[in-house]
Structure formats: C-alpha cells, structure tokens
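One-letter residues, chain by chain:
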Amino acid sequence: MSSGVLCTLPGGWLDRRGGCQREVVLRPLRGGDEEWLYSLPPQTSQVSVLTMLLARCVKRIGPYRASRAMIRTLSMGDCDFLVLRLHGLTFGERVERVLVCPDAACGAKMDLDFELGQVPVEERPRRPRYTLRLEGSPAREVGFRLPGLGDVEAASRAEDPERALLARCVLDLDGKATPGGDAVDALPDAAREALDAAMEQASPRVEDTLEARCPECGREFPTTFDATASFLASLYSQRHEFDRAVHLLSFHYHWPLGEILGLTRERRRHYVRLLRDALDVGSGLSARERAEAS
Ligand SMILES: [Zn+2]
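Calculation criteria
Residues numbered from 1 in each chain as written. Predicted model: local features only at pLDDT ≥ 70, side-chain atom pairs only at ≥ 80, totals over all residues. Heavy atoms only, no water. Donors = N, O, S within 2.8 Å, 3.2 Å for Na, K, Ca; no water. Tetrahedral: all angles 85-135°; square planar, octahedral: opposite > 155°, others 65-115°. Helix = DSSP H or I, 4+ residues; strand = E, 2+ residues; numbered from the N terminus. Buried < 20%, exposed > 50% of the residue type's maximum accessible area, 1.4 Å probe, protein only. Axes fitted to C-alpha atoms, helices over the stretch in contact; angles between N-to-C directions. Parallel < 35°, antiparallel > 145°, perpendicular 65-115°, else oblique. Left-handed = near helix turned anticlockwise from the far one by under 90°. Contact = heavy atoms within 4.5 Å. Nonpolar A, V, L, I, M, F, W, Y, C, P; charged D, E, K, R; others polar. Patch = residues over 30% accessible without salt bridge, like charges linked within 9 Å, V, L, I, M, F, W, Y side chains within 5 Å. Areas by Shrake-Rupley, 256 points an atom, 1.4 Å probe, with all protein chains shown as cover. Salt bridge = Lys/Arg side-chain N within 4 Å of Asp/Glu carboxyl O. Lys, Arg positive; Asp, Glu negative; His and termini not counted. Charge placed at Lys NZ, Arg CZ, Asp CG, Glu CD. pLDDT = per-residue confidence, 0-100. Pairing = 2+ DSSP bridges.

Q: How would you sum up the coordination of the zinc ion? Please name residues and give values.
A: Those donors, C101 (SG), C106 (SG), C214 (SG) and C217 (SG), are the protein atoms that reach the zinc ion, and they lie 2.3 to 2.4 Å from it. One can describe the site at the zinc ion as tetrahedral: its four donor atoms subtend angles covering 104 to 111° at the metal. Ordering the donors of the zinc ion by residue number gives the pattern C-x4-C-x107-C-x2-C. Here C101, found in the loop between β5 (94-100) and β6 (109-115), pairs with C217, found in the loop between β13 (209-213) and β14 (220-224); they are 116 residues apart in sequence, far enough to count as distant. Judged by its relative accessible area of 4%, C101 is buried. Residue classification places C217 among the partly exposed positions, given a relative accessible area of 38%.

Pasting the structure below:
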C-alpha cells in the first residue's frame, strides 16, 4: 500500500508555539475515499468536501499526525496546493483540456496540455500575526491572522460572509484585543478593503490563470484552471467506471470489498487491465477484435 509522498506547503500550519510547519505527507486517493465521496449529500459545500477529503489524505504535518481540526486551520492557498498534488497523485501530472479560441472570427478548437508541476505556486510562510497600518488621524493599527478553511466554511454560513470572515481574523485594534466583530464594524469601508488586500498579499497562492495561444490565428489569451473544481469533476465523472471496476474485481477475484477499496486508483486500474486481458484471451478474441469491441 502506498505510504504517501512528501511535499512542502507554500504557507504552512502553525503549531501551538506559533512555529510554521510546512512539511506534509500526502497519500493518493484510495477506493474507499471515492466510495465516501460518492455517498456525500449533493448539497455538501465544496469547502466542506475539501476539508474532509484532505483530512483523509494528509497523513502528517511536520512531526504531527494530521487531524481534521488541523486541516481546518490551513489557508486556502495551502489547500489549493494540496489539491493540485492530490490531482497529480490520483490522475497523473498531465492535464489535457480543450479550449475554444475567443476570437469571434476564428473560434478554432485547440488542445491545452500542461503538467500540474508547471502551475506557479507563490510561497508565503505563515506567521501567527500580521499588522496593517491604516493612514488617517489618528493612524490605526490592525493586528490580524490569515483565514483557514474552517473560517471560510463558518463565514459562508453567515448573513454577511465578508464581514464574518474579517471578524474572525482581526485579532486586535490599536493594541487592544478585539473579540467578535466589533472592531470590524468600527472600521470604514476603505479600511476593510485595505485589510482584505493585506490578507491576500500575505497568503500563499496557487496561480489559477494560464496563458494560452491559438495555433490557428496566433491570438494569446488567459484561461482559468481551478484545480479543485477540475479534481472533483474528474472524480465525479469516473463514478461509473469505479463501480464497474469494483464489481469486476470482486466478481472474478473474490477479494473482500475492504481490500478492493483499499487500492489506489492506479493499482485498481492495473488489476482491471490484467483481468480484461485474461478474460479476452479466454474468450478467444484477437487483439484487433478486442480493439474493435472496446
Ligand atoms: Zn484563434
């Protein structure tokens, strides 16, 4: 069974002493994870799915065994990075997409192929506290922390998600601790915007815009790649194939379901290929007939 790969978070997880732990052990998805994903209620929010999925697949952060509570404190940038790696571990590093040229006179279809490892990641090691000085009279100083997945999840349920997120992350105003949202309400809109920008600037980031070039007309244009949406869409689109593979392996090998669901997607597909070949040989089909039948 695969024990996982080591990777370095672009931001990091803060331990109790405020130390930034960036080393993570991540394992690829196994059949049991796919089965779990397919059983989730359809209204489950994407950030909740991500938190639970990462809690299953992140084995270790620094010297600590990962827990769901730890995952909930990771920043969105670290989460995007982990999904990017999980995408590669599960489906391979190569991504193939079909785009349509945005030039109205051209509209040619084209392939955009890239390696997940080429997606730029901006590293910003995490700190327990950041400060923002707001100009004006009097000048004010806001102490804040970066939001984690759990903050985003909780804020998304609030009446005003943007305010709720700031309220959770502002730690102090002019040196005084500020529990709840009072400090945020005391800030003018421009200050809130500045705070929002300061948080973004301090956060690690996975680039979601790629440059494409039309081979027909030569036009260059940006296109977005959302690793999370792409990863989840790939998983959901494989549901039928997953069910067939599990059925085929249990039907022919008589392995217990728990063992089949313990296989990574790669191992499972490997056994299914071997089995299909053996079944085709048994049925007396030639290679050409097999190709025609598939
Ligand atoms: Zn074009």
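Q: Quick one: what's the story with the packing of helix α2 (residues 46-57) against helix α4 (residues 76-91), residue by residue and with numbers?
A: Orientation of α2 relative to α4, taken along the N-to-C sense of each, is 60°, at an axis distance of 11 Å. Judged by the angle between their axes, α2 and α4 are oblique. α2 and α4 meet at a crossing whose hand is left-handed. The residues of α4 that touch α2, namely those facing L50, L53, L54 and C57, are C79, L82, V83 and L86. Residue composition of the contact of α2 with α4, grouped by class: eight nonpolar, no polar and no charged.

Q: Describe a negative patch on the surface, naming the residues involved and giving the relevant values.
A: Judged by side-chain charge, E159, D160, E162, D189, E193, D196 and E200 come together as a negatively charged surface patch. With four residues, helix α8 (residues 189-202) is the single largest residue contributor to the negative patch. Among the secondary structure elements, E159 is positioned in the loop between α5 (149-155) and α6 (161-169). Given the relative accessible area of 85%, E159 is considered exposed.

Q: Any details on the confidence of the model for the protein? Residues and values, ideally.
A: Residues of the protein with pLDDT of at least 70 account for 94%, and the chain-wide mean is 89. For the protein, helix α13 (residues 287-293) is the element with the lowest average pLDDT, namely 58, and strand β2 (residues 20-26) is the one with the highest, namely 97.

Q: If you had to explain the sheet that holds strand β4 (residues 64-65) to someone new, which residues and values would you point to?
A: Pairing in this open sheet of four strands is antiparallel, and the strands run β1-β2-β3-β4 from one edge to the other. Two strands close off the open sheet at either side, each with one partner strand: β1 (5-14) and β4. Note: β1 against β2, six bridges, orientation antiparallel. When the sheet's bridge partners are listed, W13 is paired in β2 with Q21. Across the sheet, α2 touches β2 and β3 (58-61), and the angle it forms with β3 is around 75°. On the sheet, α4 packs against β1, β2 and β3 and is oriented at approximately 170° with respect to β1.

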